[in-house]
Amino acid sequence: MNVHEFQAKQLLAQHGVAVPAGEMCDNPESARTAAEKLIASGHSRVVVKSQIHAGGRGKGVFKSGLQGGVKVCSNPEEVFVNARAMLGQTLVTKQTGPEGRVVNKLLIEAASSIKKEFYLAVLLDRAVSRPIVMASTEGGMDIEEVAARTPEKIVKESIDPAVGMMPYQARKLAAALGLKGELIAAGAKLTLGVYRTWWELDATLVEINPLCLVEAGGKESLIALDGKIGFDDNALYRHKDIQAMRDLNEEAPLEIEASNYQLNYIKLDGNIACLVNGAGLAMATMDIIQHFGGSPANFLDVGGGASEEQVAAAFKIIMQDPNVKGILVNIFGGIMDCNVIATGIVAAVRETGLNLPLVVRLEGNNVVAGQKTLAESGLTLITGDSMADAARKVVKAVTA
Ligand code: GDP
Ligand code: MN
């Protein structure tokens with residue numbers, strides 16, 4: 001699960017990371033009021049920032065023609081005008097794809113006078129099964145590009161998860177960024193705060209791009225100017241406050257529908273829908289479809305003990321994808337009762353009036369009853385004797 005920048009900054013601030021003063025607004029009037037408050041408290045400029053679950057907003061372009069999803073403004077009226085121009089409009093960035101994302105929320109924030117931009121991130125280094133903290137002097141840029149062109153400009157510290165990030169590691173990174181004097185301690189404190197955010201919230205990624213050296217009243221300090229956090233969905237049950245930050249407007253509608261039925265569904269680009277029980281079998285099913293020259297339209301694991309309702313819901317979800325030209329049901333009933341699957345499929349097909357080729361391979365627990373249910377349903381379906389046979393048949397059916 002991902003959250004918006006304003007939510008990431010709230011969580012970072014709770015872990016001692018300095019962030020600009022600001023608030024989330026969803027209409028132009030409240031954006032103006034927020035700007036008035038910031039200016040009254042001594043800030044000379046205010047930034048209007050589009051809140052979408054995608055980066056590259058600064059360089060993004062709205063479909064309306066407006067340039068930039070991040071605007072620095074010098075008075076509340078300018079904030080109002082920009083807020084009105086952004087809200088409800090579709091912002092297209094390098095990360096959104098050409099369809100873009102509708103901006104429903106803005107972060108109205110005190111603008112900073114930036115002297116230098118850095119990059120800081122914590123993620124999991126899967127190669128060594130440890131957290132890794134990465135920093136770079138090349139802030140504000142696409143980090144993938146920095147990694148490709150000037151990898152020496154990214155410094156890394158591998159963390160022992162049993163002891164956590166040590167203060168000396170944080171100071172080492174701060175020094176590697178070229179910070180001097182008191183700013184080394186400030187940089188180390190901020191880095192430790194970012195690490196603790198990642199660790200304590202079960203995040204998969206915390207990224208500050210840019211982390212800025214800013215100047216205010218002749219004094220320099222470090223501040224997280226942007227913030228992105230991704231969470232491990234399997235650990236979300238431990239964080240009710242983070243679950244409450246979920247923004248359904250930012251998620252694929254079919255994936256939301258699937259999660260309402262506790263189904264693991266991920267939409268893909270192909271045209272063969274799969275309905276499978278168990279994640280491993282679902283992956284193997286996608287592989288075998290590819291092996292026979294087809295392309296899966298989704299990953300779908302209905303789980304080991306799915307009910308008829310869940311199977312029917314799963315079936316309806318995969319059929320809502322307009323790219324789907326054929327369906328492969330591949331069930332190995334270990335715990336799963338094959339007849340439950342068969343009954344669920346029959347109910348869903350009747351309800352939706354399916355007119356696409358449907359290949360079914362059932363094996364295992366109560367398979368005879370399941371096959372009988374399918375045979376007596378009067379539905380036209382193709383049965384597969386084995387996984388390979390079923391995959392071959394569905395690929396043939398969609399290419400015919
Ligand atoms: P992103 O484009 O989605 O990554 O959004 P960011 O929050 O990183 O903002 C994009 C860029 O806008 C930053 O890299 C900064 O250069 C600029 N920016 C954001 N906030 C401020 C600010 O307070 N002051 C100034 N001068 N520039 C800002
Ligand atoms: Mn950024």
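Here, every reference points to the structure presented above.
The paragraphs below set out a description of the structure included in this document. A quick note: this is a predicted structure, and the numbers were derived from the prediction, not measured. (Residues numbered from 1 in each chain as written. Chains lettered and ligands numbered in written order. Predicted model: local features only at pLDDT ≥ 70, side-chain atom pairs only at ≥ 80, totals over all residues. Heavy atoms only, no water.)

1. Focus on the sheet that holds strand S5 (residues 90-92)
Consider a sheet: its strands pair through backbone hydrogen bonds, and that pairing is either parallel or antiparallel. Note the threshold: By the convention used here, strands pair only if DSSP detects at least 2 bridges between them. Helix and strand definitions follow DSSP, with helices as H or I runs of at least four residues and strands as E runs of at least two, each counted in order from the N terminus.
In space, the 3 strands of this open sheet follow the order S3-S5-S6, with antiparallel pairing throughout. The open sheet is flanked by strand S3 (61-62) and strand S6 (101-102), the only strands paired with a single partner. Here S5 runs beside S6; their pairing, made up of 2 bridges, is antiparallel. Paired with Thr90 across the bridge in S6 is Val102.

2. Some points on the layout of surface pockets
Here is the rule we go by: Buriedness of a pocket was judged along seven lines, with at least five required to meet protein on both sides within 12 Å; pockets are open sets of points on a 1 Å grid over the protein atoms alone, cavities are sets where a 1.4 Å probe fits but cannot get out, and lining residues have an atom within 4 Å of a point. Grid points are joined across faces, edges and corners, and a volume is the space filled by probe spheres set on the points. Each residue receives one of three labels: charged for Asp, Glu, Lys and Arg, nonpolar for Ala, Val, Leu, Ile, Met, Phe, Trp, Tyr, Cys and Pro, and polar for the others, Gly being one of them. Per the annotation, domain bounds derive from an automatic or database assignment of domains.
Computed from the structure, the second largest pocket encloses a volume of approximately 270 Å³. Lining the second largest pocket are 15 residues; nearest its centre among them are His43, Ala111, Ser112, Ser113 and Ala216. Of the residues forming the lining of the second largest pocket, the biggest block, 3 residues, is contributed by strand S11 (residues 203-216). Each residue belonging to the lining of the second largest pocket can be placed in one class, and the counts come to 7 nonpolar, 6 polar and 2 charged. Taken domain by domain, the lining of the second largest pocket gets at least three of its residues from each of domain 1 (21-110) and domain 2 (114-242).

3. Notes on the pattern of salt bridges
Defined as follows: Counted as salt bridges are all cases of a side-chain nitrogen of Lys or Arg within 4 Å of a carboxyl oxygen of Asp or Glu. Working definition: with a 1.4 Å probe on protein chains only, accessible area under 20% of the residue-type maximum means buried, over 50% means exposed, and in between means partly exposed.
In this structure the tally under the stated criterion is 22 salt bridges. When the shortest N-O distance is used, the salt bridge between Lys9 and Glu109 registers 2.6 Å. On the criterion of sequence distance, the pair formed by Lys9 in helix H1 (residues 5-14) and Glu109 in strand S7 (residues 105-110) is long-range, its members being 100 residues apart. Per residue, the accessibility class of Lys9 equals that of Glu109, and both read buried. A salt bridge links Arg149 to Glu145; the nearest nitrogen and oxygen atoms lie 3.7 Å apart.

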